[in-house]
Amino acid sequence: MNAAWREDPALRDVLAAAETCWINPEKKPFAAVADGLPVKPGEVDDAADRLDRFAPLLRSLFPETEADCGRIESPLRELPALREKLSWRERVPAGRLFLKLDSELAVAGSVKARGGIYEVLKHTEELALEAGLLRPDGDYADLAGQRDFFAKYTVQVGSTGNLGLSIGIMAAALGYRAVVHMSADARQWKKDLLRQKGVDVREYDGDYGKAVEQGRALSDADPMSYFVDDEHSKNLFLGYAVAARRLAEQLAAQDVEVDDDHPLFVTIPCGVGGAPGGVAYGLKLLYGDNVHVFFAEPVQCPCMLLGLATGEKDGVCVQDAGLTGVTEADGLAVARPSKLVCDVMEYTLSGEFTVADGRLYEDLRALHAAEKLFIEPSACAAFAGYRGLARFPAAQSYLKAHGLIGKMENASHILWATGGRLVPALTRKEYLAKRL
Ligand SMILES: *Cc1c(COP(=O)(O)O)cnc(C)c1O
């Protein structure tokens with residue numbers, strides 16, 4: 001491997017596992033690159049339509065989605081008290097601060113409820129149409145009564161935890177055999193919860209990449225098995241991308257403008273890249289260059305940052321950079337990024353922020369104290385973007401280069417809270433007390 005990147009001054013802090021901001025030097029105007037991306041706007045429309053068709057089924061399988069008529073959606077919450085609390089002890093950027101509560105999503109309690117459930121539904125539609133169980137204009141709620149049919153099929157996935165929860169819960173609810181291959185980082189409560197739901201949980205000593213590899217091999221060997229491939233799946237990506245259009249309605253309802261004079265900053269925690277990449281793509285389709293999307297990754301596991309900064313994409317892993325890949329942020333413990341997502345983000349991502357594990361718990365506590373909201377440690381990585389915008393010279397240079405300094409009073413900041421609702425009460429207590 002040509003490793004000239006080891007000498008790149010922009011990566012010095014990344015290689016030293018210090019918190020940092022990396023600005024993407026390859027970012028281009030969105031209109032100039034949109035047509036060349038490996039996903040198309042029509043595919044997001046198609047995913048949104050499919051989710052609407054399945055809403056009656058979700059409503060009948062999961063009564064908790066009743067209030068939203070079978071839509072799996074989350075609120076957008078402004079955080080005035082937290083903003084004030086943070087501003088007492090550090091510099092914060094001007095503008096309003098919001099949290100997107102995908103931590104509260106129905107069924108799976110994390111952002112994975114978007115992509116994961118979407119992919120199981122898409123597979124289900126294909127099987128059911130092919131078997132003549134469903135007509136294209138039929139009532140999808142009828143599929144709730146086809147457990148015997150789906151029991152002949154298996155759905156498998158490799159996961160650090162939350163994707164497994166989303167795929168496992170959805171697949172088991174329809175009657176599929178569900179097998180989730182978990183990496184060593186996966187939290188015990190996530191495995192316990194899946195087993196309670198009747199899911200076959202297999203555990204591996206190695207990292208997430210190994211769990212995926214094992215799952216893929218076992219599934220490929222079984223013609224009745226379908227593998228949800230987190231590293232390559234366009235379906236997962238499209239399920240996540242639908243989030244943006246629903247967010248647009250929420251922003252409008254809270255009088256948030258997004259235009260040339262009102263920039264929107266969004267920071268999303270990143271593992272393999274599918275969730276943040278899909279959400280980012282959806283946002284770019286809506287807001288183009290007026291939305292500035294940043295990803296956040298742990299200091300010891302910034303796989304997407306490395307994939308993009310080196311240009312190696314999935315050809316590089318965090319161990320190549322001398323990092324451990326070990327982090328308390330279990331949802332982000334992925335050593336190698338998705339090639340598909342690198343291809344989408346290489347000219348569209350604004351940059352990345354890295355975060356030390358200890359800070360995740362501090363922000364988890366601050367959010368809970370100020371706003372009575374609980375999110376899981378991985379989700380707290382999003383705070384790195386908000387604080388980092390004011391803290392790092394590289395971020396300030398980005399604002400200057402884009403003519404944003406004078407517009408920050410009009411800015412809005414969204415931290416994408418990616419998980420938390422299913423964390424058991426005792427584990428919440430532990431997290432709230434944890435100091436590293
Ligand atoms: C999975 C996950 C992410 C990141 O999603 P990827 O698709 O792996 O990049 C972020 N936060 C939480 C809590 C997650 O479970």
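Residues numbered from 1 in each chain as written. Predicted model: local features only at pLDDT ≥ 70, side-chain atom pairs only at ≥ 80, totals over all residues. Heavy atoms only, no water.

Turning next to the sheet that holds strand β10 (residues 351-355). Paired through their backbone hydrogen bonds, the strands of a sheet run either parallel or antiparallel. Strand order in this open sheet of seven strands is β1-β10-β9-β8-β11-β3-β2, and the pairing throughout is mixed. A strand with exactly one partner marks an edge of an open sheet, and here the two such strands are β1 (21-23) and β2 (76-78). Across the sheet, the axes of successive neighbouring strands diverge by a mean angle of 25°, strand direction being ignored. With five bridges joining them, strand β9 (residues 291-298) and β10 adopt parallel strand pairing. Note on β10: the bridge partner recorded for E297 is T354. (Pairing = 2+ DSSP bridges. Helix = DSSP H or I, 4+ residues; strand = E, 2+ residues; numbered from the N terminus. Axes fitted to C-alpha atoms, helices over the stretch in contact; angles between N-to-C directions.)

Another aspect to go through is the packing of helix α15 (residues 357-371) against helix α18 (residues 425-433). Two numbers describe a pair of packed helices, the interaxial angle and the distance between the axes. Two elements in contact, α15 and α18, have axes separated by 8 Å at closest approach and are oriented at 110°. With respect to α18, the axis of α15 lies roughly perpendicular. Residue-level inspection shows Y361, L364, R365 and H368 of α15 in contact with α18, the latter providing Y431, L432 and A433. Of the residues assigned to the contact of α15 with α18, the class counts are five nonpolar, one polar and one charged. (Parallel < 35°, antiparallel > 145°, perpendicular 65-115°, else oblique. Contact = heavy atoms within 4.5 Å. Nonpolar A, V, L, I, M, F, W, Y, C, P; charged D, E, K, R; others polar.)

Our focus in this paragraph is the site of the ligand. Taken together, the neighbourhood of the ligand is formed by 15 residues, with K112, N162, G271, G273 and T418 sitting nearest. Note that an oxygen atom of the ligand is positioned 2.7 Å from one of the backbone N or O atoms of G273. For the ligand, a nitrogen atom lies 2.7 Å from a polar atom in the side chain of T418. Relative to its free-state accessible area of 380 Å², the ligand is covered by the protein chains to the extent of 99%. Put simply, the ligand lies in the largest cavity. (Near = heavy atom within 4 Å. Polar contact = N/O pair within 3.5 Å; in protein donor to acceptor, adjacent residues only side chain to side chain. Areas by Shrake-Rupley, 256 points an atom, 1.4 Å probe, with all protein chains shown as cover. 1 Å grid on protein atoms, 1.4 Å probe; cavity = no way out; pocket = protein on both sides within 12 Å on 5 of 7 lines; lining within 4 Å. Sits in = over half its atoms within 2 Å of the grid points.)

Considering all chains together, one arrives at ten aromatic pairs under this definition. Here the aromatic rings of F54 and Y140 are separated by 4.7 Å at their centres, their planes lie at 90°, and the arrangement is edge-to-face. Linking F54 in helix α3 (residues 41-61) with Y140 in the loop between α5 (112-130) and α6 (147-150), this pair joins segments that are 86 residues apart in sequence. For F54, a relative accessible area of 0% gives the class buried. When its relative accessible area of 3% is taken as the criterion, Y140 is described as buried. (Phe/Tyr/Trp six-rings, centres within 6.5 Å; stacked < 30°, edge-to-face > 60°. Buried < 20%, exposed > 50% of the residue type's maximum accessible area, 1.4 Å probe, protein only.)

This brings us to helix α7 (residues 162-174). A rise of 1.5 Å per residue sets the reference length of α7, with its 13 residues, at 18 Å; its end C-alpha atoms lie 19 Å apart and thus fit the reference within 8%. Within α7, 13 of the 13 residues are buried, which leaves it mostly tucked inside the rest of the structure. In the segment just after α7, G175 is the residue with positive phi, at about 110°. (Expected span 1.5 Å × (residues − 1).)

So, about empty space enclosed by the protein. Under the defined criterion, the tally for this structure stands at five cavities of 30 Å³ or more. Roughly 220 Å³ of volume is contained in the largest cavity. Lining the largest cavity are 24 residues, and of these K112, G271, A275, G331 and L332 sit closest to its centre. When residues of the lining of the largest cavity are traced back to their parent elements, those giving at least two are α7 and α12 (274-287). Taken together, the residues that form the lining of the largest cavity break down as eleven nonpolar, ten polar and three charged. By volume, the second largest cavity is sized at about 140 Å³. Residue lining of the second largest cavity: 16 residues in total, with L51, I72, A113, R114 and R246 positioned closest to the centre. (Points joined across faces, edges and corners; volume = space filled by probe spheres on them.)

Within a regular strand, the side chains alternate between the two sheet faces. Among the five residues in β10, five count as buried, and that is most of the element. Relative to β10, β1 runs antiparallel, the two being bridged by three bridges. From the neighbouring strand, C21 faces β10, where its bridge partner is F353.

Let us look at the sheet that holds strand β5 (residues 177-182). One open sheet holds the four strands; their spatial order is β6-β5-β4-β7, and the pairing between them is parallel. Only two strands of the sheet have a single partner each, and these edge strands are β6 (200-203) and β7 (225-228). Going across the sheet, the axis of each strand differs from the next one's by a mean of 20°, ignoring polarity. Bridge count for strand β4 (residues 154-159) against β5 is six bridges, and the pairing is parallel. Looking at the pairing, V155 lines up with A178 of β5. Strands β4, β5, β6 and β7 of the sheet are contacted by helix α9 (residues 208-220), whose axis makes an angle of about 160° with β4.

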